Amino acid sequence: MPKLRPSQRRTRRVGTLLHYLLLVAIALFCAFPMLWTLSTAIGTEGNVFAFPPSLVPQKPSWVNFAEVFKVIDLGRYYWNSIWITFWTVVWTVVVCALAAYPLARLKFKGRQLVFSAILVTLMLPTEVNFLVNFITMTQLGLVNTHLGVILPTIAGAIGIFMLKSAFEEVPQDLIDAARVDGASELRIFWQIMLPLALPQIATLVIFTTVTSWNNFLWPGVVLTRSELMPLAVGILELSGTFGSATRVIAAGAVLTIAPALLVFFFTQRFFMRGLDGAVK
């Protein structure tokens, strides 16, 4: 490797420094709302809406978090969120995998048309489906049930696209050999395709977990009974209870966001690995 001249080394160091400064600035910009919410939740004094805002809490205390537990049934809301998220993840993986396999490996008329129609749904806002989904859940008698929250969210275009890309990466020779040995399509799907697509499945699990945990609009539409609401919806009771108690509301928001952040923090390497495979 040719040796760099001093001017070239200085230019490279300056470029690297500017690169990292830009990344730090972007990270702070993205993290600022969460940092401000955490500072507001921990602090007990000072103007919450002061400008420029301060990220250093004044007289920090956990009293606002304790107040949240006193006023609302936070344990019930946490359990509802865990229950809804768990079954949403399970059925999303099952449905998306079963839909992606024939689109990736089976030849039938209209396959490309079906896949194109699925991708078109990515351009539609989620709220567009609310009316149709609510009417459907009403007709099925699933309003005010957790099943009514889960069903409309389990067949996502992103999940089908990711797993279709993963299944297409499996060598065709491997599938042909399994068919020659007498393996059925179901056995090929279960024993060959799914194990080889585990990185993308892990990514889908993480993505669905975070999305379902933070889902607010649809559960707020289909659920009206407080004891059935997930955490993202149930935490709104703080706004009605305290009115302008912004610090307590911020503490509730932190308690809502923290589990999703922890899940993503400890699993981000699987998430990035799965996305890399999907892009290829």
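Residues numbered from 1 in each chain as written. Predicted model: local features only at pLDDT ≥ 70, side-chain atom pairs only at ≥ 80, totals over all residues. Heavy atoms only, no water.

A word on the overall build of the protein. From N to C terminus, the protein includes 14 helices and zero strands. By the burial criterion, 33% of the 280 residues in the protein qualify as buried. Summarising the internal contacts of the protein: among those between residues at least 6 apart in sequence, 71% fall at separations of at least 24. For the protein, the accessible area works out to roughly 17,100 Å², and carbon and sulfur atoms hold 70% of it. (Helix = DSSP H or I, 4+ residues; strand = E, 2+ residues; numbered from the N terminus. Buried < 20%, exposed > 50% of the residue type's maximum accessible area, 1.4 Å probe, protein only. Contact = heavy atoms within 4.5 Å. Areas by Shrake-Rupley, 256 points an atom, 1.4 Å probe, with all protein chains shown as cover.)

Another point: the packing of aromatic side chains. On inspection of all chains with the given rule, the structure shows 10 aromatic pairs. On the basis of an interplanar angle of 80° and a centroid distance of 6.2 Å, the ring pair of Tyr-101 and Phe-167 is categorised as edge-to-face. A residue pair is termed long-range when its members are at least 10 positions apart, and Tyr-101 in helix 3 (residues 74-105) and Phe-167 in helix 7 (residues 157-168) qualify at 66 residues. For Tyr-101, a relative accessible area of 6% puts it in the buried group. Counting every residue linked through ring pairs, the aromatic cluster contains Trp-79, Trp-83, Phe-86 and Trp-87. (Phe/Tyr/Trp six-rings, centres within 6.5 Å; stacked < 30°, edge-to-face > 60°.)

All right, on to the side chain of Thr-256 then. Mapped onto the secondary structure, Thr-256 falls in helix 14 (residues 246-279). Residue classification places Thr-256 among the buried positions, given a relative accessible area of 8%. In this view, Thr-256 contacts Tyr-78, Trp-213, Leu-231, Ala-232 and Ile-235; residues no more than four positions away in its chain are not counted.

With that out of the way, let us pick up the pattern of salt bridges. Under the criterion given, the structure shown has three salt bridges. Here Lys-164 ties to Glu-168 by a salt bridge, and the two come within 2.5 Å at their closest N and O atoms. Separated by four residues within a single helix, Lys-164 and Glu-168 lie in helix 7, roughly one turn from each other. Judged by its relative accessible area of 40%, Glu-168 falls in the partly exposed class. (Salt bridge = Lys/Arg side-chain N within 4 Å of Asp/Glu carboxyl O.)

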